[in-house]
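Overview (structure and organization)
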Amino acid sequence: MSGILYAISTPIGNLDDITQRALKTLNSVDYILCEDTRVSSKLLSKFDIKSKLIPYHKFNEKELLHNVINDLENNLNIALISDAGTPCISDPGRVLVNALFDKSIKVVPVCGPCAISTLLSAAPKNNEEFAFVGFIPRNSNEQKELFEKYSNIDTVFYESPNRILKTLQNIKNFRGANAKITMGRELTKIYEEIKYSTVNGLIEHFSERPPKGEFVILLYKAETNSEEDINIDKKIKLLSQKGFSAKDISIIISTLFNMNKNAIYKKLTENKL
Ligand code: SAM
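Residues numbered from 1 in each chain as written. Predicted model: local features only at pLDDT ≥ 70, side-chain atom pairs only at ≥ 80, totals over all residues. Heavy atoms only, no water.

As for the overall build of the protein chain
Across its full length, the protein chain carries 11 helices and 10 strands. Computed over C-alpha atoms, the radius of gyration of the protein chain comes to 25 Å, more than 25% over the 19 Å expected from 2.2 N^0.38 for 273 residues, which places it beyond the range of a compact globule. Counting the 273 residues in the protein chain, one finds 41% classified as buried. Approximately 15800 Å² of the protein chain is accessible, and the part contributed by carbon and sulfur atoms is 49%. Measuring between centres, the 36 positive side-chain charges of the protein chain sit 5 Å from its 33 negative side-chain charges. (Helix = DSSP H or I, 4+ residues; strand = E, 2+ residues; numbered from the N terminus. Rg over C-alpha atoms; globule rule 2.2 N^0.38 Å. Buried < 20%, exposed > 50% of the residue type's maximum accessible area, 1.4 Å probe, protein only. Areas by Shrake-Rupley, 256 points an atom, 1.4 Å probe, with all protein chains shown as cover. Lys, Arg positive; Asp, Glu negative; His and termini not counted. Charge placed at Lys NZ, Arg CZ, Asp CG, Glu CD.)

Below, the structure written as structure tokens:
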């Protein structure tokens, strides 16, 4: 029998979000693998946990792998945490979890906060599906490819405050000014902000106050014309074929379907049907 690796979620801001099970497990293990000892020691001291912290991050995870596996095979129990949230979600741990899976060593998840589920639990959404892509690529062409690839599914991604405006601008360029977004900023913290808006609205929002803090973004799938829009377009076309003028059609359709008269007129005159 070997020991167990506990993959433990820790708070993404508000330290009160730590779970009872996380505290018990962190207290009971032989040592804790953490991303940055300075960050995790604050958490441990707040809850008076004395277990030893060992730095484990993307620069040493391959190097330490052998020792960690050895310790587990020698019956030690080990915790894996990251600076914030759930290990392996855009955070270190995947190399270790994969290796343990291959060796049939048990990995037990001790679940809790994660920026993805935190945002999704408070964002408007009319379906269950979403794609999570981690940190969005920095390059505009790669972003364009990603927006095209995921145009049919709501997409969640992480982005830094320095690049968020550029990424919003790219969304506007590739998906249009009316693309819908729910932005989660500083979730669970004092300045938490959750904003459902068009991409244009968000760009305007941030032109007044520069973006600060941590961001997770839900970009809704690209809008297609609804069944109702298609039927109205058909009616407009029919009236046009019967010889009604653009002005008359816009009055008729706007009155019957409670729509904007100018938008219909524009559609007709700019041949957008
Ligand atoms: N493993 C973490 C999780 O479970 O969410 C994510 C780690 S990733 C290195 C860090 C990124 O997650 C941040 O740059 C930000 O995009 C997002 N994030 C983390 N905490 C957040 C918070 N409180 N509010 C909004 N986004 C957050």
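Comments concerning a nonpolar patch on the surface
A contiguous nonpolar surface patch, about 270 Å² in accessible area, is contributed by Leu256, Phe257 and Met259. The topology assignment puts leucine 256 in helix α10 (residues 246–257). The exposure class of leucine 256 is exposed, given its relative accessible area of 64%. (Patch = residues over 30% accessible without salt bridge, like charges linked within 9 Å, V, L, I, M, F, W, Y side chains within 5 Å. Salt bridge = Lys/Arg side-chain N within 4 Å of Asp/Glu carboxyl O.)

Overview of the site of the ligand
What surrounds the ligand is a group of 19 residues, the closest being Ile89, Asp91, Ala115, Tyr158 and Phe215. One nitrogen or oxygen atom from the main chain of isoleucine 89 is found 2.8 Å from a nitrogen atom belonging to the ligand. Here alanine 115 contributes a backbone N or O atom positioned 2.8 Å from an oxygen atom of the ligand. Computed on the free molecule, the ligand has an accessible area of 570 Å², of which 90% lies beneath the protein chains in the complex. Those elements that provide at least two residues to the shell around the ligand are β7 (155–159) and β10 (215–219). Partitioned by chemical class, the residues of the shell around the ligand number 10 nonpolar, 4 polar and 5 charged. Each of two domains, domain 1 (5–113) and domain 2 (116–219), supplies a minimum of three residues to the shell around the ligand. (Near = heavy atom within 4 Å. Polar contact = N/O pair within 3.5 Å; in protein donor to acceptor, adjacent residues only side chain to side chain. Nonpolar A, V, L, I, M, F, W, Y, C, P; charged D, E, K, R; others polar. Domains from an automatic or database assignment.)

Concerning the domain arrangement of the protein chain
Here the protein chain is described as being made up of domain 1 (5–113), domain 2 (116–219) and domain 3 (226–269). On a C-alpha basis, the centres of domain 2 and domain 3 stand 34 Å from each other.

Focus: the packing of aromatic side chains
Applying the stated rule across the entire model yields 5 aromatic pairs. Between the aromatic rings of phenylalanine 147 and phenylalanine 174, the centroid separation amounts to 6.3 Å while the plane-to-plane angle is 45°, which identifies the pairing as tilted. Here phenylalanine 147, found in helix α6 (residues 140–149), pairs with phenylalanine 174, found in helix α7 (residues 164–175); they are 27 residues apart in sequence, far enough to count as distant. Among the residues examined, phenylalanine 174 registers a relative accessible area of 32% and is labelled partly exposed. Geometrically, the ring pair formed by tyrosine 196 and tyrosine 220 is edge-to-face, given 5.6 Å between the ring centres and 85° between the ring planes. (Phe/Tyr/Trp six-rings, centres within 6.5 Å; stacked < 30°, edge-to-face > 60°.)

Some details on helix α8 (residues 199–208)
If you check which residues of α8 are buried, you get Val199, Leu202, Ile203, His205 and Phe206. The buried side chains of α8 occupy one side of the element, clustering within an arc of 160° when seen end-on. Residues of α8 that are exposed and angled more than 90 degrees away from the buried face: Ser207 and Glu208. Of the surrounding secondary structure, the elements contacted by the buried residues of α8 are α7, β8 (180–185), β9 (193–198) and β10. (Arc of directions from axis to C-beta. Contact = heavy atoms within 4.5 Å.)

Concerning unusual backbone geometry
The backbone of asparagine 75 sits at a positive phi, close to 80°, despite the residue not being glycine. As for its placement among the helices and strands, asparagine 75 is situated in the loop between α3 (61–73) and β4 (78–80). For glutamate 186, which is not glycine, the phi torsion reads 55° and is therefore positive. On the basis of relative accessibility, which here comes to 15%, the residue glutamate 186 falls in the buried class.

Details of the packing of α3 against helix α4 (residues 94–102)
The interhelical angle for the contact between α3 and α4, taken along N-to-C directions, is 40°, at an axis separation of 10 Å. Considered as vectors, α3 and α4 are oriented oblique to each other. Every pair of crossing elements has a handedness; the one defined by α3 and α4 is right-handed. For the pair α3 and α4, the contacting residues are Glu61, Lys62, Leu65, Val68, Ile69 and Leu72 in the first and Arg94, Val95, Leu96, Ala99 and Leu100 in the second. Looking at the contact of α3 with α4 residue by residue, the classes come out as 8 nonpolar, no polar and 3 charged. (Axes fitted to C-alpha atoms, helices over the stretch in contact; angles between N-to-C directions. Parallel < 35°, antiparallel > 145°, perpendicular 65-115°, else oblique. Left-handed = near helix turned anticlockwise from the far one by under 90°.)

A closer look at the nonpolar core
Looking at soluble globular proteins, one finds that nonpolar side chains tend to be buried together. In this structure, Tyr6, Ile8, Leu26, Ile32, Leu44, Ala79 and Ile81 are the most contacted members of the largest nonpolar core, which totals 18 residues. Listed by contribution, the elements that provide at least two residues to this core are β1 (5–8), α1 (20–28), β2 (31–34), α2 (37–46) and β5 (107–110). With 3 residues, α1 is the largest single contributor of residues to this core. Leaving out residues up to four positions away in the same chain, isoleucine 81 has contacts with Ile8, Thr10, Leu26, Ile32, Leu33, Cys34, Glu35, Ser40 and Pro87. (Core = buried A, V, L, I, M, F, W, Y, C linked by side-chain atoms within 4.5 Å.)

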